[in-house]
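Below, each chain spelled out in residue letters.
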Amino acid sequence: MLESNAFFDRTYEETMALLVEARNYVAFQEAKDQRGLPPQVRLQISYESLRVTSRLTQVMAWLLALKAVHAHELTADQVLGEQFALSGGTICSDPSGPDNGELPSGLRSLLQRSHSLYMRAERLEEQYRRSVA
């Protein structure tokens with residue numbers, strides 16, 4: 001059961017840093033990146049930005065549930081329920097985007113790193129489920 005606080009803390013900090021970076025991208029850079037681009041590319045940028053946000057919020061919610069278990073605010077069995085499970089399925093686990101040269105490099109980087117983090121969280125969730133079951 002993910003006992004390592006150092007590992008948990010690093011994953012939490014990585015997720016928080018990516019969330020802040022994604023927020024800054026959407027707030028300050030996304031509109032600049034979209035200027036002068038065709039509508040279909042602007043739509044793709046918006047779609048991929050939402051995918052980054054979805055991945056990161058899913059991972060953060062799952063990590064916060066685990067944090068609640070460590071603080072004895074929730075039981076391990078409660079966290080196994082659908083309410084706390086990672087969701088997003090095929091949208092969040094889809095690795096496409098970073099190889100799309102039409103997308104801005106900053107967004108491609110966020111897509112790659114958020115995908116890597118989401119897939120790691122998915123593996124950790126599966127490990128956690130097996131350890132508790």
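Before reading on, note that the structure itself is shown above.
Figured I'd write up the structure that's included with this text. These numbers come from a predicted model, not from an experiment.

Things to note about the overall build of the protein chain
- Scanning the protein chain from terminus to terminus reveals five helices and zero strands.
- Ordered by position in the sequence, the α and β elements of the protein chain form the string α-α-α-α-α.
- Principal-axis analysis of the C-alpha atoms places the extent of the protein chain at approximately 50 × 25 × 20 Å.
- Per-residue burial over the protein chain gives 34% buried out of 133 residues.
- Relative to all contacts within the protein chain whose residues are 6 or more apart in sequence, the contacts with residues 24 or more apart total 77%.
- Surface accessibility of the protein chain: about 7,500 Å² in total, with carbon and sulfur atoms responsible for 55%.
- Both charge centroids of the protein chain, one from 14 positive and one from 17 negative side chains, sit 6 Å from each other.

Concerning the packing of aromatic side chains
- Throughout the structure, instances matching the rule amount to one aromatic pair.
- Measuring from centroid to centroid gives 6.3 Å for phenylalanine 8 and tyrosine 12, while their planes differ by 25°, and the two rings are stacked. One end of the pair is phenylalanine 8 and the other is tyrosine 12, both in helix H1 (residues 5-34) and four residues apart, which spans about a single turn.
- Residue phenylalanine 8 is classed as buried on the basis of its relative accessible area, which comes to 9%.
- Directly above the aromatic system of tyrosine 12 lies the positively charged group of lysine 67, at a separation of 4.6 Å from the ring centroid.

Reading the values: the criteria
- Residues numbered from 1 in each chain as written.
- Predicted model: local features only at pLDDT ≥ 70, side-chain atom pairs only at ≥ 80, totals over all residues.
- Heavy atoms only, no water.
- Helix = DSSP H or I, 4+ residues; strand = E, 2+ residues; numbered from the N terminus.
- Buried < 20%, exposed > 50% of the residue type's maximum accessible area, 1.4 Å probe, protein only.
- Contact = heavy atoms within 4.5 Å.
- Areas by Shrake-Rupley, 256 points an atom, 1.4 Å probe, with all protein chains shown as cover.
- Lys, Arg positive; Asp, Glu negative; His and termini not counted.
- Charge placed at Lys NZ, Arg CZ, Asp CG, Glu CD.
- Phe/Tyr/Trp six-rings, centres within 6.5 Å; stacked < 30°, edge-to-face > 60°.
- Lys NZ or Arg CZ within 6 Å of the ring centre and 35° of its normal.

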